[in-house]
Amino acid sequence: MYREFKHLHLPSIDAEIRQFWEDERIFEKSVEQRPTDKSYVFYEGPPSANGKPGIHHVMARTVKDLFCRYNTLKGYRVERKGGWDTHGLPIELQVEKELGITKEDIGKKVTVDEYNQACRSTVMRYKDLWDDITRRMGYWVDLDNPYITFKNEYIESCWWLLQQLYNKKTPAGESYLYKGFTIQPYSPAAGTGLSSHELNMPGCYKEVTDFSTVAMFKVRRNAVSAPLFQKDDEDLRILAWTTTPWTLPSNVALTVGPQIEYTKVKTLSPYTGAPVSVILAKDRVSAYFNPEDENQFLEGYSVGDKRLPYNIAQKGIKGADLAGVQYEQLLPTPAASTPELEANGFRVITGDFVTTEDGTGVVHTAPYFGADDFRASKAAGIPFIGIPNPKNPDLPFPLVDKQGKFVEEVPEFGGRYVKAEYYSKEVTSDREFKPTDLLISLRLKEDNKAFKIEKYKHNYPHCWRTDKPVLYYPLDSWFIRASAAKERMSELNKTINWKPASTGTGRFGQWLDNLQDWNLSRSRYWGVPLPIWRTEDGEEEICIGSVEEMSLEIDKAVEAGLMAENPYKSLIKSPEETFTQYVFTGDPAIWDTLKRYGRDHRKNPTEAEALLWETLRNRQVDGYKFRRQHSIGSFIADFVCIAQKLVVEVDGDYHNAAEQQDFDKARTFYLNNLGFTVIRFKNEEVLKGLGNVLGEIRRVLTSPPGPLSDGEGVTSPLAYTGKDTKGEVTPSPSERGPGGEVPGGEVDLHRPFIDDVILLSPTGRPMRRELDLIDVWFDSGSMPYAQWHYPFENQEVFRNNFPANFIAEGVDQTRGWFYTLHAIATMVFDSVAFKNVVSNGLVLDKEGNKMSKSKGNVVDPFETIAEFGADATRWYMMANANPWDNLKFDIGGILEVRNKLFGTLFNTYNFFALYANLDGFKMDESKVLPYDKRTELDRWVISKLYSLVAEYHEAMNDYEVTRACRAIEEFVDLHLSNWFVRLSRRRFWKGELNEDKTAAYQTLFECLMVTGQLMASVAPFFADWLYRNLTEPIKGAAKANNTPLRHDSVHLSDLTLPDPSKVDKDLEKRMDYAQRICSLALSIRKKEKLRVRLPLQKILLPVLDEAFIAEVDGVKDLILSEINVKQIEFITDASGLLKKGAKANFKTLGAKLGKDMKDAAALIANFSNDDINTLEQSGWLKVLIHGNEYTLTPEDLIVSTEDLPGWKVASEGALTVALDVTMTPDLQAEGTARDLVNRIQNIRKEKDFNVTDRVTVTLERHQAILAAVEKFHDYIKAEVLATDLVLADTVAGEKVELDDVVSVGIEVLIS
RNA sequence: AGGGCUAUAGCUCAGUUGGUUAGAGCGCUACACUGAUAAUGUAGAGGUCUCCAGUUCAAAUCUGGAUAGCCCUACCA
């Protein structure tokens, strides 16, 4: 029997199938059964488990999941190693929030160690939620053996990569990993640099009011500047605006836009009244001068006047002309003065970033305090200004120290904080207090160097921790010389298939073209430490590439007395140890907790446990060693014998609870996967029958070992296998000696432990680690290698899994993960990291707004999936818009998908099941009717199905899932349900199971089967449910005969491939005629108010071409029954009935006629029947347009039948249908008979009779139905399954409306 | 500031190498059909294809520009 269902409830299907998958390990099997040498490589971009999963994750993971599933079905082995991104700022923030500390407290209120531990336990905060959503949404990924970026192995791989970069040299001999210097946001109050991420946190940019100053830079007269002077002693100044006057002492250049036009203006100094000429951008003159004051007498001005008289002295000075002009230093700091600076500094340079939007069009340039300034100065060869640095003369110390104070050497302002906010409240609340910016401005004013001082409101970034303004400040950083690999990256990028392509060429490609070096440094605690040690003077350094290398170096350091001992010795593990650690300890994040629980429990054993332990301890049972409360993976087992892989559990009463039993089941499953045998005893069994219990344990101990020690390796294909998993298993880490408390113990590669390592330089000096961590993006970009601990292990595995065939992530990762993957792969392996990439868009709310907690428009994925099922949600997300377009998430859309696609398919299946069960039909793979034995309709739908298969594969191979989904939708709705099933209904419920009926079943079965397969990637639950329902009744036979339907799950099956032999395009065309003819005929009926039940005599079809008659004849019966007409008559031109019309075929004529096209179209539209016939018969026709003669051929016209005079006509394109609406008594009677059948059927339905119930029908003897009953007595009986049909004068049943006027009594009883 | 994506019916989206009447589904209205019923059919209403300019016999489609929304990167004297 096929299963039948009342209603479609997708969440129930989810639950049922999910359970099935878990019980039967379908995911694992789907991977394992595919050959290892035919792999399709997927990389999981790891989520961070410290945030909760959102609906957009469902979207992103659906994309990932479905292409993996698709390729699995195609026969590839698609291993999907999960991963967790565990480092980074969000985690630090979370931890600080929870510990109630700020960064300054690290190392004070809490130790770095404690902090580090807190990070460890926080990263997996929501792992359960993530695991849950993963299961619920049907995302298949291996979560048992994920890569975790904080693991020592992972870090070690990162180090190796860094060392590769360090050792790699550009042709110029420069290392790819180098220490450099950039201007970065820096918080003096917090004493740390900030990332752009931190600056973009909400509330960081604040509206503040600062003192802005337009300073006057006095031009030195020399060869370059001479053309600007009118008089030798002219006081000529360049105006430059700044909102940070504190940077003025550090000014070394003025930047102008090379194309910007500047103007020299003669005016008076507003603060002294002295005559002065100033240069500023022409477009900015109006900002400082009022046109009404132009050419006023300069003498009429007195200091303090609002209006400043001026006149334009010189126009059209190009910025480029100003380049090289030298000026006097504005605020000299004698201690910072150098000959070099005097020679090359204090001049005008050009920069493209200069605008005339505000200020004067001249940018005051202080290279240490602005990124643009820094770049422009460097490019122009301007020396930096600062207190001389004996070690590096090119990089003097800035005039502002790291606390944000002017250094003492700065005259007048030395020791002052540059920003008022850095002073304490007590200081600033003093009425005499003046901010440094103001003091500097006042100094300029006094010295006749200020043109304008005013308050200025603008957005300025603030430190999110201290809430105080940020400075842009020069900081040391480690960089990856990505710019050196720019060309190669671009080249390789061109080989990547981007979806959408524009992201690859545009967003990503152009970004590569302008690539800057990658700033790796982060001054933080929780991340991968930079493995570089340096002597204090930086002259000697070492970049460590492995733990082993470090350990050897440490040994040297220990010998030299720099370190007391080598704490990392224990980290160098044999492969067996590595294996043990991974397989037995599972997730380090919960390791500590487990250990503690275990210890606690050991102290408080239950009575039964204590009893059993007395007999198991000290190798009493055949010499086997048992451990108590031992952690395995994420569980604690009561008793474990590791040598024999035996777990013994002693269960209390609470294990009887259903919930607990489920949990126990899962746990057993997990342990089995790790190769353990699990046996359980109840407390009473131990207490009352210890002998039996021991006997059982003994039996299992001595029976053949589990699959793991069988030499097969770990049963999960994705498990971490190390180099050599055979042989004896070494003790788990909890049993290891002191110093080996890894993972999660005191020794790991994170700070602060790593900072204690001091290495010995070649010349015998101590080297300390560069304190920076690396950018977390390096972590994730390293995942192709680090997930396998390459190159230290798994070299073979890595080779088979690099590069990826496919990755997918949000488009916001373009310059994140996509870039770092690409950059590292290019620089270290000269390869792409991925061949195909889908970058999915955002999930917005219904209105197109970004989802955010504050707006309250966040969609909870758990709720959505619980309500509508995972499949409808997934399908909606894939079918509604391309994944790379933003999705406006609307529940209504899911509803639509559910009803339209899943509802329809569900109904279709249910329909199949209902009748197949009634008929006792079972699909028999050995007795499939050949297609040529089936009806036209069957062959048609099969043809459509295989056209769909072809289209589907084409779309999916091109990663166009939306196209694939829509094609399926169309097939299911339009072709399968609304044509095939509708027209086949009678075949299913009439008569015995004959060949035609079998053909109908088999055809429908095949359609459902294949459609389910095609859907399986996007809608994995429903598809499996469908497949299992369809195959369940014959599963046994299929397995026995090894036929295609033998698989337990659709996800284990082989995807149906395109088969051109099953596609019959001619047939599809014929059926297309049938559908269109029916549609036209029905539209006439509608217009003429002729209900479909009323039969009509005939339709007329004008013949379109020679093949037309034969084509339509093939589908004639379908048409006739669908539109309830008795016959089809074809008419040709010869009949003389047709009135034709013609339209120009623009495509062919356009090229020929050009400008005359329009007139020709008009001419052709007016062609008579004769014109058209002439053309059609002779094959050509000459026309004259504007004196040009053209020869028309039949292809140039689109001919259609316009009318059949005297008939009711409808037409669409070239196809025309005419309907004979003449009514005869016979037709009338037949119509009435059909009405009666309908009414009786309705009554059957109302009364809830079974489909097969036989009935007796009594009809009221009414004039209107007599003819019908007489003529169609048997027909009515047969249709309604009546044993008797009688007429009576009075009928007990209700009056039933037959039409507007007539009602008759009808009674239907089960006979 | 730079780069990218998007813009077509009330909504969600199609729209091939430019070709005449710009489509589908949902929603709305009316009618019909129904032993698949959380369905279905037919018909109707609903469009300045964001705007401007250009190329062309012909532009939703190609080119240039503008506008709006969003994303990424950078962040300014």
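Residues numbered from 1 in each chain as written. Chains lettered and ligands numbered in written order. Predicted model: local features only at pLDDT ≥ 70, side-chain atom pairs only at ≥ 80, totals over all residues. Heavy atoms only, no water.

Counting its secondary structure elements, chain A contains 45 helices and 42 strands. Burial statistics for chain A: of 1311 residues in total, 55% are counted as buried. On chain A, roughly 56700 Å² of surface is accessible, and the fraction owed to carbon and sulfur atoms is 49%. (Helix = DSSP H or I, 4+ residues; strand = E, 2+ residues; numbered from the N terminus. Buried < 20%, exposed > 50% of the residue type's maximum accessible area, 1.4 Å probe, protein only. Areas by Shrake-Rupley, 256 points an atom, 1.4 Å probe, with all protein chains shown as cover.)

Burial analysis of strand β9 (residues 275–281) places 6 of its 7 residues in the buried class, which makes it a mostly covered element. Alignment of strand β8 (residues 261–268) against β9, held across 7 bridges, turns out to be antiparallel. Residue V265 lies in a different strand from β9, and its bridge partner there is V278. Count of turn residues in the β8/β9 antiparallel hairpin: 6 residues, of which G273 carries a positive phi of about 80°. (Pairing = 2+ DSSP bridges.)

Running from N to C, helix α16 (residues 501–513) and helix α28 (residues 814–829) cross one another at 70°; their axes reach a closest spacing of 11 Å. With respect to α28, the element α16 is oriented roughly perpendicular. Contacts between α16 and α28 involve T503, R507, F508, W511 and L512 from the former and T814, R815, F818, Y819 and H822 from the latter. Residue classes in the contact of α16 with α28 are distributed as 5 nonpolar, 3 polar and 2 charged. (Axes fitted to C-alpha atoms, helices over the stretch in contact; angles between N-to-C directions. Parallel < 35°, antiparallel > 145°, perpendicular 65-115°, else oblique. Contact = heavy atoms within 4.5 Å. Nonpolar A, V, L, I, M, F, W, Y, C, P; charged D, E, K, R; others polar.)

The next thing to look at is the pattern of salt bridges. Two side chains of opposite charge can pair, provided their charged atoms sit close to one another. Under the definition given, this model contains 58 salt bridges. For K900, the salt bridge goes to D973, with nearest N and O atoms at 3.4 Å. Highlighted residues: K900 in helix α31 (residues 891–919) and D973 in helix α33 (residues 961–989), separated in sequence by 73 residues. A relative accessible area of 46% places K900 in the partly exposed class. (Salt bridge = Lys/Arg side-chain N within 4 Å of Asp/Glu carboxyl O.)

Strands belonging to one sheet form pairs held by backbone hydrogen bonds; the direction of such a pair is parallel or antiparallel. On the basis of which strands lie adjacent, the open sheet formed by 4 strands has the order β32-β31-β38-β37 and mixed pairing. Each end of this open sheet is capped by a strand with a single partner; those strands are β32 (1125–1131) and β37 (1208–1212). The sheet shows a mean angle of 25° between the axes of neighbouring strands, direction not considered. Helix α39 (residues 1116–1123) rests against β31 (1096–1102) and β32 of the sheet, and its axis sits at about 130° to β32.

Turning to the protein's contact with RNA strand B, a few remarks are in order. The environment of RNA strand B is made up of 61 residues, and the closest members are V363, S977, R1093, F1146 and R1244. Near the protein, within 4 Å, the atoms of RNA strand B are sugar or phosphate in 56% of cases. In this structure, E896 approaches RNA strand B through a side-chain N or O atom, which is 2.8 Å from a sugar or linking oxygen. In this structure, a sugar or linking oxygen belonging to RNA strand B sits 3.3 Å away from a main-chain N or O atom of K1155. Looking at the surface near RNA strand B, the elements with two or more residues in it are β6 (236–242), β12 (362–365), α16, α31, α33, α37 (1065–1087), α40 (1146–1153) and α43 (1225–1246). Considering each element in turn, the surface near RNA strand B owes the most residues, 8 residues, to α31. Of the residues assigned to the surface near RNA strand B, the class counts are 16 nonpolar, 26 polar and 19 charged. (Near = heavy atom within 4 Å. Polar contact = N/O pair within 3.5 Å; in protein donor to acceptor, adjacent residues only side chain to side chain.)

Quick look at helix α30 (residues 870–880) now. Burial within α30 is extensive, with 10 of its 11 residues counted as buried. Along α30, the positions that sit buried rather than exposed are A870, D871, A872, T873, R874, W875, Y876, M877, M878 and A879.

Enumeration over the complete set of coordinates arrives at 68 aromatic pairs. Ring geometry for W159 against W533: centres 6.5 Å apart, planes inclined by 85°, an arrangement best described as edge-to-face. One end of the pair, W159, is in helix α7 (residues 152–167); the other, W533, is in strand β18 (residues 532–534), with 374 residues separating them in the sequence. The pair formed by W159 and W533 is uniform in burial state, with each residue classed as buried. With centroids separated by 5.0 Å and ring planes inclined at 25°, the aromatic side chains of Y186 and Y473 adopt a geometry described as stacked. (Phe/Tyr/Trp six-rings, centres within 6.5 Å; stacked < 30°, edge-to-face > 60°.)

Another point: the side chain of T1258. You can see T1258 is positioned in strand β39 (residues 1255–1260). The residues touching T1258, leaving out its near neighbours within four places in the chain, are V1286, A1288, V1291, G1305, I1306 and E1307.

Turning to the sheet that holds strand β19 (residues 541–543), a few remarks are in order. Read from one edge to the other, the open sheet built from 4 strands follows the order β19-β18-β25-β24, with strand pairing classed as antiparallel. Both edges of this open sheet fall to β19 and β24 (759–760), since each of them pairs with a single strand only. As defined by bridge partners, β24 adjoins strand β25 (residues 766–769) across 2 bridges and the pair is classed as antiparallel. Note on β25: the bridge partner recorded for L759 is M767.

Below, the discussion takes up the environment of G415. Mapped onto the secondary structure, G415 falls in the loop between α12 (371–380) and α13 (425–428). Judged by its relative accessible area of 25%, G415 is partly exposed. Separated by 784 residues in the primary sequence, G415 and V1199 place their C-alpha atoms 93 Å from one another. Excluding residues within four positions of it along the chain, G415 makes contact with K405, F406, V407 and E408.

Formed by 155 residues in total, the largest nonpolar core has its most connected members in W875 and F912. Considering every element that reaches this core, the biggest residue donor is α33, with 13 residues. Apart from the residues within four sequence positions on either side, F912 is in contact with Y2, F921, Y1001, L1004, F1005, L1008 and L1030. Grouped together as the second largest cluster of nonpolar side chains are 72 residues, V41, L512, I754 and I758 included. (Core = buried A, V, L, I, M, F, W, Y, C linked by side-chain atoms within 4.5 Å.)

The next subject is helix α44 (residues 1263–1271). The set of residues buried in α44 consists of I1265, A1268 and V1269. Down the axis of α44, the sector holding all buried residues measures 100°, keeping them to one side. Relative to its buried face, α44 has exposed residues pointing more than 90 degrees away, namely Q1263 and E1270. Where α44 is buried, its residues contact α43, β39, α45 (1273–1280), β40 (1282–1288) and β42 (1303–1310). (Arc of directions from axis to C-beta.)

A word on the confidence of the model for chain A. For chain A, the mean per-residue pLDDT works out to 81, and 89% of the residues sit at or above 70. Low confidence marks residues 574–590, where pLDDT is under 50. Its contacts with residues over four positions away, or in another chain, come to 55 contacts. Counting contacts from residues 704–746, a segment whose pLDDT is below 50, to residues more than four positions away or on other chains yields 97 contacts. Per the prediction output, this complex has pTM 0.77; the corresponding ipTM is 0.86. (pLDDT = per-residue confidence, 0-100.)

Turning to its location among the elements, L1236 is positioned in helix α43. You can call L1236 buried: its relative accessible area is 0%. Spatially, the C-alpha atoms of L1236 and V1296 are 9.5 Å apart, while their sequence positions differ by 60 residues. When sequence neighbours within four positions are dropped, the list of residues in contact with L1236 reads L1259, I1265, V1269, I1276, L1298 and I1306.

Here we take up unusual backbone geometry. Here the residue pair Y790 and P791 is connected by a cis peptide bond, since its omega of 0° sits within 30 degrees of zero. Here P791 is to be found in the loop between α26 (783–786) and α27 (795–800). Of the consecutive residues F802 and P803, the connecting peptide bond is found in the cis state with omega at -10°. The backbone of H1186 sits at a positive phi, close to 50°, despite the residue not being glycine.

Attention now goes to the pairing of strand β34 (residues 1181–1185). Taking every second residue as pointing to the same face, the buried face of β34 carries L1181, V1183 and I1185, while none of K1182 and L1184 on the other face is buried. By the bridge criterion, 5 bridges tie β34 to strand β35 (residues 1188–1192) in an arrangement that is antiparallel. Residue pairing in the sheet places I1185 in a bridge with N1188 of β35. The turn joining β34 and β35, which pair antiparallel and follow one another in sequence, is formed by 2 residues; a positive phi near 50° is taken by H1186.

With their axes 11 Å apart at the nearest point, helix α3 (residues 55–73) and helix α32 (residues 936–957) run at an angle of 125° to one another. Comparing their axes, α32 and α3 come out oblique. The two elements α3 and α32 meet at a crossing, and its hand is left-handed. Across the interface between the two elements, L66, F67 and Y70 from α3 touch Y952, H953, M956 and N957 from α32. Residues of the contact of α3 with α32, tallied by class, amount to 5 nonpolar, 2 polar and no charged. (Left-handed = near helix turned anticlockwise from the far one by under 90°.)

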